[in-house]
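# Chains, contacts and geometry: an overview
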Amino acid sequence: MNVRSQVSMVFHLDKCIGCHTCSIACKNIWTDRKGTEYMWWNNVETKPGTGFPTRWEDQERYKGGWEKKNGDLELKSQNKSSALFNIFHNPNQPTLDDYYEPWTYDYQNLFNAPEGADQPTAKPISMITGEYINVEAGPNWDDDLGGSPVYAQNDPNLESLTPEQREQLFATERLVFFYFPRICNHCLNPACVAACPSGALYKRGEDGIVLIDQKRCRGWRACVAACPYKKTYFNWSTGKSEKCILCYPRLETGQAPACFHSCVGRIRYLGVLLYDAARIEEVAKLPDDQLIEGQRSLILDPFDPEVIAGARANGIHDSVVESAQKSPVYQFVKVWKLALPPHLEYRTFPMLFYVPPMSPVMASKEGGVIDHVSGDLFHDIEQSRVPVAYLAKLLGAGQENKVRYALRKQKAVRWYRRALTVGDVTMEVSSRMLAEADCSSEEAEAIYRLTSLCTFEDRFVIPPMHREEAIQMMEDPLEHKASAGFGFVSGPQRGM
Amino acid sequence: MKSSYGLRNRGTAETKPFLCSRVPLVIAALAVLLFCANANSWGQDAAAFFKQNCTSCHTIGGGRLTGPDLKDVTTRKDRAWFVQFLQSPKAIIDSGDPYAAKLQQEARGVVMPNIANLSPQQAQALLDMIAAESKLPRSQFAGMQISDRPLTAQDVAKGKLVFLGEQRLSGGGPACMSCHTMKGLTLLGGGRLGPDLTRVYERLLGRKGLAAWLSSPASPTMSPVFKDHAIQPDEILSLVALFEDSAKKGGQDDTTSLLNFFLLGVGGMVLGLISLDALWKTRLRGVRRSMVHKDDRGEG
């Protein structure tokens, strides 16, 4: 056992209202610089939809993530020889058009236009070329199913559905969508780190945040191709790649990352998980249907004395273990099994987990009259507007039973609360449902509290980052003791 | 302190009178030595200089090439004029000197090139050397004695091999092709550093002028290259045969090879791009545009 700690996340999709506040918070802090205009370290997608970049889940074309070959794990985008061969031209790059060409507007025209018969307009200008452009795509172009005949129907996850299911998904009064906010998953087995020819990417030892060293990065863009979630981006101005840094400067000072902090729907949870690094490779080679259980088995019980001893042996501070014990992520992922990783079949082991969304109430249609009042308010999971098969493709590595388990438990909690507060459901029925959903009434209460009544401190259990210990691994903090001044980070330039 | 002062003083006291008394003498001796060396070396080098710089246009008793035969040239005009002319031929011609104008006319307009840094002493030495050579029954500068025999197709073929460098120059010089081109040799022609040699036979006034040029090329580019790698007489004959043949065919300067070269470049680039395209055939070519436009077509 090789115990490591990882700052992990849960996004509760049932609570997401798709307001994009997270994206804006992130944009304003990190990606409003030249060269980063098109980057969205945090973005919110509408599902079904093609996302950003367009159809990023289509790994037949984008070649992201890992694949099993001859019992071994290999990157889909490259091997050693092809990486060398393609070093000056990476053939698996998304084009700018697949992201979108960032633009602003010619606002000056509103003030400076010569007097005419019509109101002046502010035409869009490319933020890359400075020319007027005809805007054809944006980072959330298909927001709320906009242009759904083109975008939603090309969602790669729809492949899991039967033709009837696909047709129903877009039928009148059955139409459905939900939001899917995405940031870097800070994976346990990151393909971007494995692909980098310069060794510029690394997973931070103390908290598992995946970072790109801007001094080492040479802009080969192998990470851009290798990341199946397309969450590393190339900065065309600096010639280096950049990605979500999980706001580590904020985490180190005890604040939640900006997108978490600003979340209006309070869908985001953050906390430490302890995991067993020794078994990652073994688990990554499991067949698809065992991956979810495999990843769960990597996550260790922070109350287990053996794990605590292992953590201590690996230099993980007791306060971090304590933090892991309070982690809401541990509850959602390991204890309640409500949260599932996105596209685990890419085998990068994302450490961002999603609670699958409950679908809206189904309407019934009789003789041309559409009845929105459903007799069965908490309808059967199988009758959901979003087919379980679709959610399983997105969040369950194809395993419908894992998604069904999470949905059923959420539904049982709702019935349980209904029985308690409204009383139109008997406690007997709700108890039977809880039992069917493998949930005790205490657990239901805890789920309810962490879902609906959660405070800031409940959602964000930020571990003490102990930078002083992390720095000791790299340099001697006493280096400058008893010497005058603090020295120079890089040598001063003197002389001619 | 005192002793060291005294020591230094004694040292200067010993050396100073020695230098004071002997400096003018030493300088004089050095000057004489230098002058002698200079004069001596030019006495010997005048012939070498002449061979290197003059024989491509002049002979002594060998008849006219581009420039006049220099046998007894010193009797044709006074020495001072020649010294001036040698130092700057163009200045004399420009000054409207009638004799210089006549010389230029005889040379069909060709102006004798300026010899850089030629001192009056060197000019005198050259004239002395020419006068001495003129008295000999047969001067070493009577010109290249190239065979008069009719040139055959074999000579032309051999000349071509020499030009192309397929047969190396026995003196070790580089093949003509490295700097020159000529019509009808190869598809891409030769180098473009030197002039096109298609009609050089006419420009250098036939077999004799051409042979004189080849025996000691005088241009600033060729001269240092061939100084120590002279072209041998049999090779000169073959080359002359080649140039004569080319001139007889009456070709214009070679322009097709330039076009061929350009076309080859364009073709090579196109082929390169096609092969790169094939090499990266499976590259990601953009997802969004094809998706959106496919659906547009499907609807329309």
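Everything quoted here is computed from the prediction, not taken from an experiment.

## Considerations on the overall build of chain A
- Within chain A one finds 21 helices and 16 strands.
- Considered along the principal axes of its C-alpha atoms, chain A spans approximately 90 × 80 × 50 Å.
- Burial analysis of chain A (496 residues in total) assigns 44% to the buried set.
- Contacts in chain A between residues at least 24 apart in sequence constitute 68% of all its contacts with a sequence separation of at least 6.

## Things to note about the overall build of chain B
- When helices and strands are counted, chain B shows twelve helices and zero strands.
- Residue burial in chain B is summarised as follows: out of 300 residues, 24% are buried.

## Description of the sheet that holds strand β1 (residues 3-12) of chain A
All names here are of chain A.
- Overall, mixed pairing links the four strands, which are arranged β13-β12-β1-β14 in an open sheet. Two strands bound the open sheet, and with one partner strand each, they are β13 (299-300) and β14 (352-355).
- By the bridge criterion, two bridges tie strand β12 (residues 268-276) to β13 in an arrangement that is antiparallel. Looking at the pairing, leucine 274 lines up with leucine 300 of β13.

## With respect to the nonpolar core
- In terms of nonpolar packing, the biggest core is built from 125 residues, with Val10, Cys192, Val329 and Phe332 of chain A touching the most fellow members.
- If near-sequence neighbours (up to four positions away) are discounted, valine 329 of chain A is found in contact with Ser8, Met9, Val10, Tyr269, Leu270, Gly271, Leu273 and Phe353 of chain A.

## Concerning helix α1 (residues 21-30) of chain A
Residues and elements named next belong to chain A.
- Buried residues of α1: Cys22, Ser23, Cys26 and Lys27, and no others. In a view along the axis of α1, the buried residues occupy a sector of 130 degrees, so they form one face of it.
- Structurally, α1 contributes buried residues whose contacts are with β2 (43-47), β7 (178-182) and α10 (258-261).

## Overview of the interface of chain B and chain A
- Contacts between chain B and chain A engage eleven residues on the former and 17 residues on the latter.
- Taken together, the residues of the side of chain B that touches chain A sort by class into five nonpolar, two polar and four charged.

## Some details on the domain arrangement of chain B
All names here are of chain B.
- As assigned here, chain B comprises domain 1 (46-143) and domain 2 (153-248).
- Placing the centre of domain 1 and that of domain 2 at their C-alpha centroids yields a distance of 26 Å.
- Each partner contributes residues to the interface: domain 1 has eight residues there, and domain 2 has eleven residues.
- Of the residues contributing to the side of domain 1 that touches domain 2, the split by class is one nonpolar, six polar and one charged.

## Here's the deal with the packing of helix α8 (residues 206-215) of chain B against helix α10 (residues 233-248) of chain B
All names here are of chain B.
- Following both chains from N to C, one finds α8 and α10 inclined at 130 degrees, their axes separated by 10 Å at the closest point. Between α8 and α10, the interaxial angle falls into the category oblique. Between α8 and α10 lies a crossing whose hand is right-handed. Touching Arg207, Leu210, Ala211, Leu214 and Ser215 of α8 are Ile236, Leu239, Val240, Phe243 and Glu244, all from α10.
- For the contact of α8 with α10, a count of residues per class yields seven nonpolar, one polar and two charged.

## Topic: the environment of cysteine 57 of chain B
Residues and elements named next belong to chain B.
- With respect to the helices and strands, the residue cysteine 57 is situated in the loop between α1 (2-53) and α2 (79-87).
- Of the residues examined, cysteine 57 has 21 C-beta atoms within 10 Å and is grouped as buried.
- Measuring from C-alpha to C-alpha, the distance between cysteine 57 and arginine 285 comes to 67 Å, with 228 residues separating the pair along the chain.
- If sequence neighbours within four positions are ignored, cysteine 57 has contacts with Leu65, Thr66 and Gly67.

## Concerning the environment of glutamate 206 of chain A
All names here are of chain A.
- You can see glutamate 206 is positioned in the loop between β8 (201-203) and β9 (210-212).
- A C-alpha to C-alpha distance of 9.6 Å links glutamate 206 and histidine 317, two positions 111 residues apart in sequence.
- In contact with glutamate 206, other than residues within four places in its own chain, are Ser5, Met465, His466 and Ala470.

## Examining helix α5 (residues 120-135) of chain B
Residue and element names in this part refer to chain B.
- The end-to-end C-alpha distance of α5, which contains 16 residues, comes to 23 Å, matching closely the 22 Å that a straight helix rising 1.5 Å per residue would cover.
- Listed in full, the buried residues belonging to α5 are Gln122, Ala125, Leu126, Met129, Ile130 and Glu133. Buried residues along α5 cover an arc of 135 degrees about the axis, so they all sit on one side. Among the exposed residues of α5, those oriented more than 90 degrees off its buried face are Pro120 and Lys135.

## Examining unusual backbone geometry
Residue and element names in this part refer to chain A.
- For the bond running from lysine 47 to proline 48, omega is 0 degrees, close enough to zero to count as cis.
- Tracing the backbone shows proline 48 in the loop between β2 and α2 (59-62).
- The step from phenylalanine 52 to proline 53 runs through a cis peptide bond, and the omega angle for that step is -5 degrees.
- Relative to the elements of secondary structure, proline 53 occurs in the loop between β2 and α2.
- Here histidine 20, not a glycine, exhibits a phi torsion of approximately 65 degrees, which is positive.
- You can see histidine 20 is positioned in the loop between β1 and α1.

## What about the pairing of strand β11 (residues 240-243) of chain A?
Residues and elements named next belong to chain A.
- Here four bridges tie strand β10 (residues 232-235) to β11, and the two strands are oriented antiparallel to one another. Residue pairing for β11: tyrosine 233 is matched across the bridge by glutamate 242.
- Linking two consecutive strands that pair antiparallel, namely β10 and β11, is a turn of four residues; a positive phi of about 75 degrees is found at glycine 239 within it.

## Quick look at the packing of helix α17 (residues 400-421) of chain A against helix α19 (residues 441-452) of chain A
All names here are of chain A.
- As a packed pair, α17 and α19 sit with axes 10 Å apart at the nearest point and diverge in direction by 95 degrees. Relative to α19, the element α17 lies roughly perpendicular. Across from Ala412, Val413, Tyr416 and Arg417 in α17, the residues of α19 making contact are Ser441, Ala444, Ile447 and Tyr448.

## Some thoughts on the confidence of the model for chain B
Residues and elements named next belong to chain B.
- On average, residues of chain B carry a pLDDT of 79, and 82% of them reach 70 or more.
- Of the regions scoring below 50 in pLDDT, residues 1-20 engages in zero contacts with residues more than four places distant in sequence or in other chains.
- In the model, residues 36-40 has pLDDT below 50 throughout and makes zero contacts with residues more than four positions away in sequence or in other chains.

Thresholds, definitions, all that
- Residues numbered from 1 in each chain as written.
- Chains lettered and ligands numbered in written order.
- Predicted model: local features only at pLDDT ≥ 70, side-chain atom pairs only at ≥ 80, totals over all residues.
- Helix = DSSP H or I, 4+ residues; strand = E, 2+ residues; numbered from the N terminus.
- Buried ≥ 20, exposed ≤ 12 C-beta atoms within 10 Å, placed from the backbone.
- Contact = placed C-beta atoms within 7 Å.
- Pairing = 2+ DSSP bridges.
- Core = buried A, V, L, I, M, F, W, Y, C linked by C-beta atoms within 7 Å.
- Arc of directions from axis to C-beta.
- Nonpolar A, V, L, I, M, F, W, Y, C, P; charged D, E, K, R; others polar.
- Domains from an automatic or database assignment.
- Axes fitted to C-alpha atoms, helices over the stretch in contact; angles between N-to-C directions.
- Parallel < 35°, antiparallel > 145°, perpendicular 65-115°, else oblique.
- Left-handed = near helix turned anticlockwise from the far one by under 90°.
- Expected span 1.5 Å × (residues − 1).
- pLDDT = per-residue confidence, 0-100.

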